[in-house]
Amino acid sequence: MPNRPNRAGPHPAADEASRSLDVVIIGAGFAGLYALYRFRDVLGLDARVYETGDGVGGTWYWNRYPGARCDSESFYYSYSFSEELEQEWEWSSKYPEQPEILAYLNHVADRFDLRRDIQLCTKVLSAAYDESAARWEVTTDRGERISATYVVTAVGCLSAANVPEIPGRDDFRGDWYHTGAWPKQGVDFSGKRVGLIGTGSSGIQATPVIAAQAEHLTVFQRTPNYTVPTRNARLRPEEWAKIKRDYRAIRQKTRETQAGFPYDVLERSAFDVSDEQRREIYEQLWAEGGFKFLWGSFGDLLRDKRANHTAAEFIRSKIREIVKDPGTAEKLCPTDHPYGSKRPPIDTDYYVTFNRPNVSLVDIKRSPIVEITPQGIRTEDATYELDTIVFATGFDAMTGSLLKIDLRGVGGLRLAEKWAAGPRTYLGLQVAGFPNLFTITGPGSPSVLLNMPVAIEQHVDWISDCIEQMRVKGFRTIQPQLDAEDAWVEHVNEVAKQTLFYEAKSWYLGANVPGKPQVFMPYVGGQPLYRQKCEAVATAGYAGFELRA
Ligand code: NAP
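Remember, it's a predicted structure, so these values are computed and weren't measured experimentally. (Residues numbered from 1 in each chain as written. Predicted model: local features only at pLDDT ≥ 70, side-chain atom pairs only at ≥ 80, totals over all residues. Heavy atoms only, no water.)

Novice: Run through the packing of helix 1 (residues 30-42) against helix 14 (residues 452-473), naming residues and quoting values.
Specialist: One way to put it is that helix 1 packs onto helix 14 with a least axis distance of 10 Å and a crossing angle of 30°. One finds that helix 1 runs roughly parallel with respect to helix 14. Regarding helix 1 and helix 14, the two cross each other, and that crossing is right-handed. Residue-level inspection shows Phe30, Ala31, Tyr34, Ala35, Arg38 and Phe39 of helix 1 in contact with helix 14, the latter providing Pro453, Ile456, Glu457, Val460, Asp461, Ile463, Ser464, Asp465 and Ile467. Grouping the constituent residues of the contact of helix 1 with helix 14 by class yields 10 nonpolar, one polar and four charged. (Axes fitted to C-alpha atoms, helices over the stretch in contact; angles between N-to-C directions. Helix = DSSP H or I, 4+ residues; strand = E, 2+ residues; numbered from the N terminus. Parallel < 35°, antiparallel > 145°, perpendicular 65-115°, else oblique. Left-handed = near helix turned anticlockwise from the far one by under 90°. Contact = heavy atoms within 4.5 Å. Nonpolar A, V, L, I, M, F, W, Y, C, P; charged D, E, K, R; others polar.)

Have a look at this one:
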């Protein structure tokens, strides 16, 4: 069952039950930690982080499922704001596992003395804007009321677990877990018959590791996914020495490229080369591993269906080569969406795991799950007896964690009401009608389409520069003008329609959560254009925003 932290630590003392701050930051993951550093240590503001978990780390605190690891390489899936931090921290491998990333974030919290302004085990319940005072009133589940000039959400894009409402779920006699709320003490699968639902990045990472331990693993697959090997490897001392020497150039490159990686997206088309050359390029990238297969192959994979087909076909040929049973291989071959139109996973030994005698694959698109019984899972044509069920069923992405907070803007307008037909923001940074509320990596920004720490640092830097400018120029509040917000929402959708992203029922579109409005949420215009727009807006005195003294 979903793991929740114990209520560690005392309740706030009476004088702490109401506080006045410059900034309330919600969430202590990558975004919240850096935001606290910037606002408190660089701007000198009275800032405080409120965090539900009993430790820092956000995504990397909650996602402790077996096999969880990052899928951007560690030396650029990390902070760039401190050269000292860069020089003193060494990652063990290209794609370290969750405990190492969590240790890094804990190190950052200690190294920058952030903990004294982080309140753990505290869920922010609501934030309401008081127009007369031009301040936010924030409440927590510990009975506190905090008055703040600014509220900055650092709640993550993939934090609100999506646990499907399958009939009978609560009557299951075994244990069940969601990958995004994994128990801190871990789960022992030895001797267990395990059922895993979901084959996104989390399910694909967890499958080989659970299979190695469980008596039997049954993977319930609704949509087959394309995955490319990571080819994880330890980073040798000479590689580290080079990375450390080159860090500034690496970081600069991550800020200039489409997806925040330190390598270029090649502009060439898949049809600029011969069939043989194309196959060779895919073979090389398959052997190298990682996201380069998508970003470092051809520039038209996400724009041209025919180009995309060449990559998809290559991956299908690999599945058929690796998986011995032809029936299982066919079930694993994705055909209903273009490669990359859903967030592509990268894996360690995923397809080969289906050659194990203790692993089976069930196609629940052909034979859907009818119910969970006390003994296991019943599909339309079979019953599977299980001791444990793992939901790798993803998240109510991008909006879920914001809408869980009762956010009310001018005139008591609820964010949930304003976003009833899908999220509306200006630059993904602010929402009209919600002055002085900033949303780090909010919907309408590139966020999840970028290497996340790069997206986070850009947002935090922009917000912190904005607050500084407001203070210098004597403005008390900032919020988007409605027409600027409307134009941005339209632009975000226009750009997405020029790509293949609309061809998949993905969480980018909200299609994974029943009843959620289907609006393309991240900005696909790419990092260079997005940065340029954010900078131009700031340089023009925050064009499209309404500033009030
Ligand atoms: P996900 O990509 O949304 O995948 C969820 C899976 O569960 C899909 O296969 C989905 O099938 C299935 N599913 C959802 N509801 C279902 C239902 N009611 N019945 C049956 N199957 C159902 O979620 P995720 O794997 O947790 O990954 C989410 C995102 O988190 C990733 O895309 C990535 O951005 C991030 N992530 C990153 C890392 C990393 O960097 N290392 C690791 C894990 C996750 P359909 O496809 O048919 O909807």
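There's plenty left to go through after this.
Novice: Help me get a handle on helix 7 (residues 275-288), residues and values and all.
Specialist: Owing to its 3.6 residues per turn, the α-helix brings residues three or four apart onto one side. Over its 14 residues, helix 7 runs 20 Å from end to end, which matches the ideal 20 Å to within 8%, given 1.5 Å per residue. Taken together, the buried positions of helix 7 are Arg278, Ile281, Tyr282, Leu285 and Trp286. Burial along helix 7 is one-sided: seen end-on, the buried residues are contained in an arc of 135°. Every exposed residue of helix 7 that faces more than 90 degrees away from the buried side is listed here: Glu276 and Gln284. Residues of helix 7 that are buried make contact with strand 10 (228-229), helix 8 (292-295) and helix 9 (305-322). (Expected span 1.5 Å × (residues − 1). Buried < 20%, exposed > 50% of the residue type's maximum accessible area, 1.4 Å probe, protein only. Arc of directions from axis to C-beta.)

Novice: Got a sec to walk through the nonpolar core? Specific residues and values, please.
Specialist: Ranked by internal contacts, the top residues of the largest apolar core, which has 130 residues, are Ile25, Phe39, Phe293 and Trp462. Broken down by element, this core gets its largest block of residues, eight residues, from helix 1. Not counting chain neighbours up to four residues away, the residues in contact with Phe293 comprise Val228, Tyr282, Leu285, Trp286, Leu301, Ala311, Phe314, Ile315 and Tyr339. Within the second largest apolar cluster, 22 residues are counted, among which are Trp136, Val138, Leu402 and Phe434. (Core = buried A, V, L, I, M, F, W, Y, C linked by side-chain atoms within 4.5 Å.)

Novice: Run through unusual backbone geometry, naming residues and quoting values.
Specialist: Phi angles above zero are rare outside glycine, and Met398 is one such case at about 70°. Its place among the elements puts Met398 in the loop between strand 16 (388-391) and helix 12 (400-403). Of the residues examined, Met398 reaches a relative accessible area of 2% and is grouped as buried. One non-glycine residue, Asn436, lies in the positive phi region at around 60°. Topologically, Asn436 is positioned in the loop between helix 13 (415-418) and strand 18 (437-439). Judged by its relative accessible area of 0%, Asn436 falls in the buried class.

Novice: Account for empty space enclosed by the protein, with residues named and values stated.
Specialist: What the rule picks out here adds up to four cavities of 30 Å³ or more. Considered as a void within the structure, the largest cavity measures approximately 80 Å³ in volume. For the largest cavity, the full set of lining residues is Pro423, Thr425, Pro443, Gly444, Trp488, Val489, Val492, Asn493, Val519, Phe520 and Met521. In terms of residue class, the lining of the largest cavity is built from eight nonpolar, three polar and no charged. (1 Å grid on protein atoms, 1.4 Å probe; cavity = no way out; pocket = protein on both sides within 12 Å on 5 of 7 lines; lining within 4 Å. Points joined across faces, edges and corners; volume = space filled by probe spheres on them.)

Novice: Account for the pairing of strand 5 (residues 135-140), with residues named and values stated.
Specialist: Bridge count for strand 4 (residues 124-130) against strand 5 is six bridges, and the pairing is antiparallel. Looking at strand 5, one finds that Ser126 is bridged to Thr139. As consecutive antiparallel partners, strand 4 and strand 5 are separated by four residues, and within that stretch Ala134 has a phi angle of approximately 55°, a positive value. As defined by bridge partners, strand 5 adjoins strand 6 (residues 145-153) across four bridges and the pair is classed as antiparallel. Following the sheet pairing, Thr139 is matched in strand 6 by Arg145. Two successive antiparallel strands, strand 5 and strand 6, enclose a turn made up of four residues, where Gly143 displays a positive phi of approximately 80°. (Pairing = 2+ DSSP bridges.)

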